[in-house]
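# Breakdown of the fold
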Amino acid sequence: MEPRPDSETAEYRAGWLRSNPWRAATSWILLALLASGCESDLEQLRATNQCVRCYLNESDLAGADLQGANLTWSYLERAVLDDTNLSGVNLNGARLSEASLRRAVLRRADIRKASLARGILDHADLREANLSETDLSHAQLTGARLDGADLTAAVLRFANLRGASLKAANLQQADLTGAILNTADLTSANLRWAILAQADLRATNLSHANLVNTSFSGADLTGAMWVDAIHRCSNQSCDGKAY
């Protein structure tokens, strides 16, 4: 069957809608309900500071004060949360893929088992936040503060953590394959069983970090400060210490 030209495709769709009025009406009703649901969820959040399993995709909450809010299992994909106060917030199981959280404050937030894949968290404050089992693959976290954060079994594949601070962070069993950790501070971080294969660790501070069973296969440690806090790696494999 030959493909239809664009003009014919538009006419075909219009004809389909005219010949299927019930389906067309149903489509419009569903869209209207979705839009109204999003608005009502947003109103509920603003009025009560909680909205469990809410649909807030693409919402603009930049600069809002949502300290302590309960957003468990809510949808915030592609939402704008730049400069938002989310300290102590409950985002357990929430979906924030491609959301923008530049400079957002998420201190002591519960973000367990959430999705922040491809999220933008540059210079965000995530100190002491619980991000265990959270998906942060391809996320932007340049200059972010993650001191004391729990990232146990978190997925940070190809995440950009350039210049981030992860002092005393728990990264046990975390997957940091291909992650950029150039000039990041991992002082006293727990990296037991973590995967750092192909990661960029140039000039990274690993002073007093726990590297028991850590995988550095193919990682670049040139210029990194080693765990003894004395020696700086002179080459990619840190003189054979890493692999």
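These figures come from a predicted structure and were not determined experimentally. Position numbers for residues count from 1 along each chain, tracking the sequence in the order it is written. It should be noted that, the model being predicted, local features are given only for residues of pLDDT at least 70 and side-chain atom pairs only at 80 or more, the latter also being counted only at that level, while totals for whole chains, interfaces and linings use all residues. Only hydrogens and water are set aside; all other atoms, that is, all heavy atoms of the structure, feed into the side-chain values.

## Things to note about the overall build of the protein chain
Elements are defined by DSSP. Helices are runs of H or I of four residues or more, strands are runs of E of two residues or more, and each kind is numbered from the N terminus. Helix and strand counts for the protein chain come out as two helices and zero strands. Burial classification: accessible surface area is computed with a 1.4 Å probe over protein chains only, and a residue below 20% of its type maximum counts as buried, one above 50% as exposed, and the rest as partly exposed. Looking at the 243 residues of the protein chain, the share that counts as buried comes to 46%. Contacts were defined at the residue level, with two residues in contact if any of their heavy atoms lie within 4.5 Å. In the protein chain, the share of contacts with a sequence separation of at least 24, taken over all contacts with a separation of at least 6, comes to 1%. Throughout, the Shrake-Rupley method with a 1.4 Å probe supplies accessible areas, and for residues the shown protein chains are the sole cover considered. Here the protein chain displays about 12000 Å² of accessible surface, and carbon together with sulfur accounts for 50% of that area.

## Re the environment of Gly88
Here Gly88 shows up in the segment after α2 (21-48). For Gly88, a relative accessible area of 40% puts it in the partly exposed group. Along the primary structure Gly88 and Leu106 are separated by 18 residues, whereas in three dimensions their C-alpha atoms are 6.6 Å apart. Residue contacts for Gly88: discarding those within four places in its chain leaves Gly68, Arg107, Arg108 and Ala109.

## So, the packing of aromatic side chains
Ring geometry is summarised as follows: Phe, Tyr and Trp rings, the Trp one being its six-membered ring, pair when their centres sit within 6.5 Å, and such pairs are stacked at plane angles under 30 degrees, edge-to-face over 60 and tilted between the two. Enumeration over the complete set of coordinates arrives at one aromatic pair. Ring centres of Phe216 and Trp226 lie 6.5 Å apart, and the angle between their planes is 50 degrees; this geometry places the pair in the tilted category. With Phe216 in the segment after α2 and Trp226 in the segment after α2, the pair connects residues that are 10 residues apart, well separated along the chain. By relative accessible area, which is 4% here, Phe216 ends up buried.

## Some words on the nonpolar core
In plain words, nonpolar cores are sets of buried Ala, Val, Leu, Ile, Met, Phe, Trp, Tyr and Cys residues tied together by side-chain atoms within 4.5 Å. Judged by nonpolar contacts, the single largest core of 68 residues is most densely connected at Leu156, Leu166 and Leu171. Residue contacts for Leu166: discarding those within four places in its chain leaves Leu146, Asp147, Leu151, Leu161, Leu171, Leu181, Ala184, Asp185, Leu186, Thr187 and Ala189.

## What about the pattern of salt bridges?
Opposite charge on two side chains permits pairing when their charged atoms draw close. The working definition used for a salt bridge is a side-chain nitrogen of Lys or Arg within 4 Å of a carboxyl oxygen of Asp or Glu. Scanning all chains against the criterion turns up nine salt bridges. Across the pair Asp83 and Arg103 runs a salt bridge whose closest N-O atoms are separated by 2.8 Å. Taken together, the residues span a long stretch of sequence, with Asp83 in the segment after α2 and Arg103 in the segment after α2 at a distance of 20 residues. Under the relative-accessibility criterion, Asp83 is labelled partly exposed at 42%. The salt bridge involving Asp125 is made with Arg127; its shortest N-O contact spans 2.7 Å. When its relative accessible area of 9% is taken as the criterion, Asp125 is described as buried. Residue Arg127 is classed as buried on the basis of its relative accessible area of 18%. Several salt bridges share partner residues, and in doing so they unite Arg107, Arg108 and Glu128 into one network.

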